[in-house]
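# Structural characterization, general
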Amino acid sequence: MFTQPDYAALFAASPYPYLLINRDFTIIGANPAYLESTGRTAQQIVGQHIFEAFPADPNDPASTNVDEVRRSIEQAFATKQPHTSALLRYAVPRETPGGHVFGERCWSAIHTPVFDAAGEVAFVAQNAIDVTDLYRFDAATGAYHLRQGAHAVPDMPQMNRPQMHEAMTRILNLERSQLQTMFNQAPSFIAVLTGPDHVFEMANEAYYQLVGRRELIGKPLLDALPELVAQGVRRVFDGVFASGKPVVLRDSLISLQRRPDGALEHRYVDLLCQPIFGHDGQVTGIFAQGSDVTEAYHAAQALFEKVQQLEEVRENQTFQLTLADRIRQLADPDDVTEAACELLGRALQASRVLYAQIDDAAGTVAIVRDWTAQGVASLAGKVMVMDDFGPPMIAALRAGQIVVNHDVAQDSRTAGNTGIYAQIGVGADLLVPYIKAGKMRVVLTVQNATARRWREAEIRMAQETAERTWSAVEAARAHAALRRERDQSQSIFDSMGEGFAVLDKNWNILRMNAEGLRLTQRRAEDVIGHNHWEVWPELRATPADAVFQRVMSTGAPGILELAHRMPDGRQAWIETRTHRSLDGGIAFFFRDVTERREAQEQLTAADRRK
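Anyway, here's the lowdown on the structure attached to this text. A quick note: this is a predicted structure, and the numbers were derived from the prediction, not measured. (Residues numbered from 1 in each chain as written. Predicted model: local features only at pLDDT ≥ 70, side-chain atom pairs only at ≥ 80, totals over all residues. Heavy atoms only, no water.)

### Considering empty space enclosed by the protein
Put simply, the rule is: Here a cavity means grid points, on a 1 Å grid over the protein atoms only, where a 1.4 Å probe fits yet cannot get out; a pocket means an open set of points with protein on both sides within 12 Å along at least five of seven lines; lining residues are those with an atom within 4 Å of a point. Grid points are joined across faces, edges and corners, and a volume is the space filled by probe spheres set on the points. Put simply, DSSP marks the helices as runs of H or I at least four residues long and the strands as runs of E at least two long, and each gets a number from the N terminus on. Ten residues, namely Ala, Val, Leu, Ile, Met, Phe, Trp, Tyr, Cys and Pro, are considered nonpolar, four, namely Asp, Glu, Lys and Arg, are considered charged, and the remaining ones, Gly among them, are considered polar.
Under the criterion given, the structure shown has three cavities of 30 Å³ or more. Of the voids in this model, the largest cavity is the one considered here, and its volume is about 270 Å³. Lining the largest cavity are 18 residues, and of these Leu539, His564, Ile574, Thr576 and Phe590 sit closest to its centre. Elements that contribute at least two residues to the lining of the largest cavity include exactly helix H15 (514-520), helix H18 (543-554), strand E23 (558-565), strand E24 (571-580) and strand E25 (586-592). When residues in the lining of the largest cavity are grouped by element, the largest group, four residues, is from E23. Looking at side-chain class alone, the lining of the largest cavity contains 13 nonpolar, four polar and one charged residues. The computed volume of the second largest cavity comes to approximately 200 Å³. Lining the second largest cavity we find 19 residues, and of these Ala356, Val365, Phe389, Leu431 and Thr445 sit closest to its centre. Elements that contribute at least two residues to the lining of the second largest cavity include exactly strand E15 (352-359), strand E16 (364-372), helix H12 (391-398), helix H13 (418-424), strand E19 (428-436) and strand E20 (439-448).

### Some thoughts on the sheet that holds strand E14 (residues 283-292)
For clarity, the cut-off: Any two strands with at least two DSSP bridges between them are considered paired. Orientation is described by axes fitted as lines to C-alpha atoms, over the contacting stretch for helices, and by angles from 0 to 180 degrees between their N-to-C directions. When checking whether two residues touch, look at their non-hydrogen atoms; a contact exists if any pair is within 4.5 Å.
Spatially, E11-E10-E14-E13-E12 is the arrangement adopted by the five strands of the open sheet, whose pairing is antiparallel. A single partner strand is all that each edge strand has here, and the edge strands are strand E11 (199-203) and strand E12 (247-256). Strand-to-strand, the axes of this sheet are offset by a mean angle of 30°, without reference to chain direction. As paired strands, strand E13 (residues 265-277) and E14 are joined by nine bridges and run antiparallel to one another. Each residue of the ladder has a partner; that of Cys273, found in E14, is Ala288. The sheet strands contacting helix H9 (residues 233-243) are strand E10 (189-194), E12, E13 and E14, and the helix crosses E14 at an angle near 135°. Contacts from helix H10 (residues 294-328) reach E12, E13 and E14 within the one sheet, and its direction differs from that of E13 by about 125°.

### Comments concerning the pattern of salt bridges
Put simply, the rule is: What counts as a salt bridge is simple: a side-chain nitrogen of Lys or Arg found within 4 Å of a carboxyl oxygen of Asp or Glu. Three exposure classes are used, based on accessible area relative to the maximum for each residue type with a 1.4 Å probe and protein chains only: buried under 20%, partly exposed in between, and exposed over 50%.
This structure, assessed with the given rule, holds 29 salt bridges. The salt bridge partner of Arg518 is Glu515, with a shortest N-O separation of 2.5 Å. Here Glu515 and Arg518 lie together in helix H15, a separation of three residues that amounts to about one turn. Accessibility expressed as a relative area gives 52% for Arg518, which makes it exposed. Using a relative accessible area of 16% as the deciding quantity, one classes Glu515 as buried. Ionic pairing is found between Arg523 and Glu525, a salt bridge with its closest N-O pair at 3.3 Å.

### A closer look at the sheet that holds E24
Spatial ordering of the open sheet is given by E22-E21-E25-E24-E23, a layout of five strands whose pairing is antiparallel. Across the chains shown, the open sheet's two edge strands, defined by having one partner strand only, are strand E22 (509-512) and E23. In this sheet, adjacent strand axes meet at a mean angle of 25° when their direction is disregarded. Here E23 pairs with E24 via eight bridges, running antiparallel. Of the residues in E24, the one forming a bridge with Gly558 is Thr578.

### Some points on H10
Just so we agree on the cut-off: Expected helix span is given by 1.5 Å per residue-to-residue step, counting one fewer step than there are residues.
Between its first and last C-alpha, H10 extends 50 Å over 35 residues, near the 51 Å set by a 1.5 Å rise per residue. Every buried residue of H10 is listed here: Thr294, Tyr297, Glu312, Asn316, Phe319, Gln320, Leu323, Ala324 and Ile327.

Structural data, given as structure tokens:
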């Protein structure tokens, strides 16, 4: 016959301490085990508010975790779920012959909701196990510590052992839960692998974020992450397992398939592989910890590239200044070309640098000057057929494009013409054309004996060098033409049979030819650049002064003959024809007409005698 169990009797007979609390935090019951563990009687606590029955020590409120107990009870009522305070301090008041004292105790408590017939929480049962014999509290650090030798407490009654086991289980579960939370929330990725096949035993959330959501636990490393097979990861883990020595990897590149059927993604990681040792001192597994540093790696690379670019710009600017200083001193166009070839070739460590003149009508290229590295033959003076170097490449040059050829044997524009390149010892080249009036005139060519990857900075340096050199060459040619024209003009100027001089509007003598210097018996340095009235002050207030002033102001030409005392004391007659120059000054031609004047005077005298 079925008999309804007597729950009150079970409650009273339980060896585990229980306290019953209603929603007002009033104690409505306590079993004998609870009363014994707290040293109280039912009359002392039943019907009282729990924190009146077990108040805080007024002299040391921190010794009683009232707030923690209150939160735990409230949470059990609110969530309808048990709540555990695995380890807390709660001093219990007791009467002694010396008076009322508080005994500091450590407890492991769980608050469990008890439901009524309607499924609502009627009250909460507190199961509090005294673990003072096992733990001590360090007030300085606020931490609990397991007492030394606590595993062998000699006076523990047999009936208390299950309670202690229960308390220890709670505490260990809490610590395990806290460790698991810390493990999962760790910002770095962590995994524990065991055995020589490196089987995953644990992996935290950061590890899954790195490798993607997939089955790991219980699988060997390369079964769980098969894309790592060809990446040398197994060799690293085998080395740690065999040697027992940790390995640290920095900025290590791995490729992971983070999504099913997705493409491999490249990630950079810092990784520590630490061996785990068993009781016998043998390696049983590996603790792998690290960080995904992909973003930091790319940021560092971007910074490095920016610094490198700035350094390349600085080097190019320094080179261009050196080139400008070098060619500024040169007047001959061929010397300018030669200097540019040499400086560029040394800066780029090339095999050969040359300037080639293009005859597009004849389809030929003439090497004017070149610079060669030691042991490389010069091509200066040679004339070659342009299309021998690859018609597509020549077409690109004619279109004004810079041709960058990293490997003449592989580049489609030159692959069919490798014979000529082999003949002149070229494996890669860089060509910058100069187009004028729609036609290709000159090509700067940088050549390397073997295939070479030309960098953007090198291409830019060659282009700027070509532009600067062409400007310098054209300027040198223009200056040479001006010198020739000037020399020719000076020759004509000096061969004139009469004197010639030019004055600016401030009467400064700008020019005087050789005949003029001879007639005036002066040296060029005593005349050129000096003021006319300072050189010939005796002409002031003479007919010559009047004529010169009138020509300067009106522009109307004038002519006169004037007797003039020469530096050697000789009296001479000078005929001067004066005109205004384009800049507002005057220019005049003059000649010695003394003989003619004397002949005229003799004729005049003869006529008088007749």
